[in-house]
Amino acid sequence: MSGINKVILVGHLGKNPDVRTLEGGVSVASFPLATSETFNKEGRKVEQTEWHNIVMWRGLADVAAKFLQKGKLVYIEGKLRTRSFEDKEGIRKYTTEVVAENFTLLGRKNDFESDGITSDDLTVSNDSDKNYQ
């Protein structure tokens, strides 16, 4: 039996997506997403925030560049991916990212009207191309 690698997050963008175009015209967008939870600790309310590195590829990245902005509330489905790289000093580092497969903009209807977004634009999927790098 194969495993399941599925991530579902609802959170706010920490900054506008950073969109790059790689060789061959492939678009990639990346941004931090904050998720928060509140719990009681010794009778007082405590909020804990986690930061997640989100990566979107190809058409999904293009749509993210158009509609996602710092502070927007978004629902994201994807999978975890860990990769390694060498920093400027040649030291191998590792990072774990959420590779998004689709997203839905959340919030009140009037949050989107000023941005020119219609209800058809609120959910975006990358189903046509599952060959992520």
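Remember, it's a predicted structure, so these values are computed and weren't measured experimentally.

Enquirer: Help me understand the overall build of the protein in this model?
Expert: Across its full length, the protein carries two helices and seven strands. Seen in sequence order, the protein has helices and strands lined up from the N terminus as β-β-β-β-α-β-β-α-β. For the protein, the residues scored as buried account for 37% of the 133 residues in total. Put simply, of all contacts in the protein between residues at least 6 apart along the chain, 57% involve residues at least 24 apart. Accessible surface computed for the protein: about 8,700 Å², of which carbon and sulfur atoms make up 46%.

Enquirer: Is there a simple way to think about the pattern of salt bridges in this case?
Expert: Side chains carrying opposite charge are able to pair once their charged atoms draw close together. The full count for this structure, using the stated rule, is six salt bridges. Notably, a salt bridge pairs aspartate 87 with lysine 93, separated by 3.7 Å at the nearest N-O pair. Residue lysine 93 is classed as partly exposed on the basis of its relative accessible area, which comes to 38%.

Enquirer: It is not clear to me how the environment of leucine 68 should be interpreted in this structure. Could you clarify?
Expert: With respect to the secondary-structure elements, leucine 68 resides in the loop between α1 (58-67) and β5 (73-86). Judged by relative accessible area, which is 2%, leucine 68 ranks as buried. When near neighbours in sequence (up to four residues on either side) are disregarded, leucine 68 contacts Leu13, Pro17, Phe31, Met56, Val63, Val74, Phe103 and Leu105.

About the thresholds
Residues numbered from 1 in each chain as written. Predicted model: local features only at pLDDT ≥ 70, side-chain atom pairs only at ≥ 80, totals over all residues. Heavy atoms only, no water. Helix = DSSP H or I, 4+ residues; strand = E, 2+ residues; numbered from the N terminus. Buried < 20%, exposed > 50% of the residue type's maximum accessible area, 1.4 Å probe, protein only. Contact = heavy atoms within 4.5 Å. Areas by Shrake-Rupley, 256 points an atom, 1.4 Å probe, with all protein chains shown as cover. Salt bridge = Lys/Arg side-chain N within 4 Å of Asp/Glu carboxyl O.

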